[in-house]
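Chain residues, written in single-letter form:
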Amino acid sequence: MMFRLVMCIWILTLTSGPTATFAEAAPRILAIGDSLLAWHKQRGRSIADVVSTELKEPIRNRSVGGARLMYELPVTGAMGLNVSRQFKRGPWEWVLVSGGGNDLLFGCGCSRCDRQIERMVSGDGRRGVVPNLLYRIRKTGAKVIVIGYLRSPGVGSMIDGCKQEGDTYEARLAKTAQHMNGVFFVSNADLVPHGDRSFHSGDMIHPSPKGSAAIGRRVAALIRQVDQSR
C-alpha cells in the first residue's frame, strides 16, 4: 500500500509540470511516453516544451518518467506508467511518442532482449505492442511521430550495454513508420558527437536541456514540413 502511495505521489509530481502557455484553449499536439519526453517538464524545458515554443502553440504532455510499453499493474498503469494508457482520444492532429527504453533496461537488463524486442515490434515492423498503439492512434486521424533515444557519447553510461539492442529496436521502429501512412520516426542516434557530454544530463542517460532542445527542434521541423505540404 505504501509503495502504491509513493508511486502515485511520484507520478503526480512528474505529470504536473508546466508547459508553454498560448492563447489557444485546445492543443492539437499530444505527447505520450517515458522520461525522454518527461525530462525537464517541471522546468518547462522538455522536448514537448521546445516543440511548443518552436511552433508557437500549446502541447499537452502526458509522458511519465519510468513508463513502459509493457506494464501490467492496473493502478499505476492507469496513472501513466503504461505508455498506451496515456493516450486518450481528443482533438489531436499530432501525437509524439517515446518508449521502449525502460522495457529493455528493466525487462531484460539490455541483455538477451530478443524476445522483449519481438514483443514490442516484430522484425518486419508490422506487429507488436508499438504498432498496435500506433494503429490505435492513427484510427483517430492523428499523425504520429515516434522519437528515438540519444546514444551514449562514449564516455560512460549505465546504458552503454544497450546499444546493440537499442539499434535493433529502433531499426524496427523505422520499418513500422515506413509501413504506416502518417507515422514518422525521428532518429537521434546521430545527434551526440563522440565525447560530448553536453547533450546528456548528469546520469548520462536522459537529455540535458541542450539535448531536449536539439530533439525538440528536429520534431518541430518535421511537423512544420508536413503541415506545410498539405
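Thresholds applied
Residues numbered from 1 in each chain as written. Predicted model: local features only at pLDDT ≥ 70, side-chain atom pairs only at ≥ 80, totals over all residues. Heavy atoms only, no water. Buried < 20%, exposed > 50% of the residue type's maximum accessible area, 1.4 Å probe, protein only. Helix = DSSP H or I, 4+ residues; strand = E, 2+ residues; numbered from the N terminus. Arc of directions from axis to C-beta. Contact = heavy atoms within 4.5 Å. Disulfide = S-S within 2.5 Å. Pairing = 2+ DSSP bridges. Axes fitted to C-alpha atoms, helices over the stretch in contact; angles between N-to-C directions. Phe/Tyr/Trp six-rings, centres within 6.5 Å; stacked < 30°, edge-to-face > 60°. Lys NZ or Arg CZ within 6 Å of the ring centre and 35° of its normal. Core = buried A, V, L, I, M, F, W, Y, C linked by side-chain atoms within 4.5 Å. pLDDT = per-residue confidence, 0-100.

Participant: Hey, could you run me through helix α7 (residues 129-138) in this one?
Facilitator: Each α-helix winds once per 3.6 residues, and so residues spaced three or four apart point in a common direction. Inspection of α7 places V130, P131, L133, L134 and I137 among the buried residues, and these make up the whole buried set. For α7, the buried positions fall inside an angular range of 160° around the axis, keeping them on one side. On its buried side, α7 packs onto β1 (29-32), β3 (94-97), α6 (114-120), β4 (143-147), α8 (163-179) and β5 (183-186).

Participant: It is not clear to me how the state of the cysteines should be interpreted in this structure. Could you clarify?
Facilitator: In a disulfide, the sulfur atoms of two cysteines are covalently bonded to one another. Throughout the structure, instances matching the rule amount to 1 disulfide. A disulfide bridge connects C108 with C113, and the sulfur atoms are separated by 1.9 Å. Taking the sign of the S-S torsion, about 100° here, the bridge from C108 to C113 comes out right-handed. Note on C113: relative accessible area 0%, which makes it buried.

Participant: Please clarify how the sheet that holds β3 should be interpreted in this entry.
Facilitator: The strands that make up a sheet pair up through hydrogen bonds in the backbone, lying either parallel or antiparallel. With respect to topology, 5 strands assemble into an open sheet ordered β2-β1-β3-β4-β5, the strand pairing being parallel. Every other strand in the sheet has two partners, leaving β2 (59-61) and β5 as the edge strands with one partner each. The sheet shows a mean angle of 20° between the axes of neighbouring strands, taken without regard to direction. In terms of strand pairing, β3 meets β4 through 4 bridges, oriented parallel. Each bridged residue has a counterpart across the sheet, and for V97 the counterpart in β4 is V146. In the packing of α7 onto the sheet, contacts are made with β1, β3, β4 and β5, and the angle to β4 comes to roughly 150°.

Participant: In this structure, what is going on with the packing of aromatic side chains? I would like to understand it.
Facilitator: The geometry of two aromatic rings is summed up by the distance between their centres and the angle between their planes. Under the criterion given, the structure shown has 1 aromatic pair. Ring centres of W94 and F184 lie 5.8 Å apart, and the angle between their planes is 40°; this geometry places the pair in the tilted category. Here W94, found in strand β3, pairs with F184, found in strand β5; they are 90 residues apart in sequence, far enough to count as distant. Residue W94 is classed as buried on the basis of its relative accessible area, which comes to 0%. A relative accessible area of 24% means that F184 is categorised as partly exposed. The lysine or arginine in question, K143, covers the ring of W94, its NZ or CZ lying 5.0 Å from the ring centre.

Participant: Any chance you could explain the nonpolar core here in plain terms?
Facilitator: Where a protein is soluble and globular, its nonpolar side chains tend to be buried together. Of all hydrophobic cores here, the largest spans 31 residues; its most connected members are I32, V95, I137 and Y169. It is α7 that provides the largest number of residues to this core, a total of 4 residues. Excluding anything up to four places from it in sequence, I32 contacts L37, R62, S63, V83, Q86, F87, V95, L96, V97, S98, L133 and I137. Membership of the second largest hydrophobic core comes to 26 residues, among which are L55, I59, Y149 and I223.

Participant: Can you help me understand the confidence of the model for the chain in this one?
Facilitator: In low-pLDDT segments, the atomic positions of the prediction should not be examined closely. A residue-level look at the chain finds 89% of positions with pLDDT of 70 or above and a mean pLDDT of 89. For residues 1-21, every residue scores under 50 in pLDDT, and the model assigns this stretch 33 contacts once sequence neighbours within four places are set aside.

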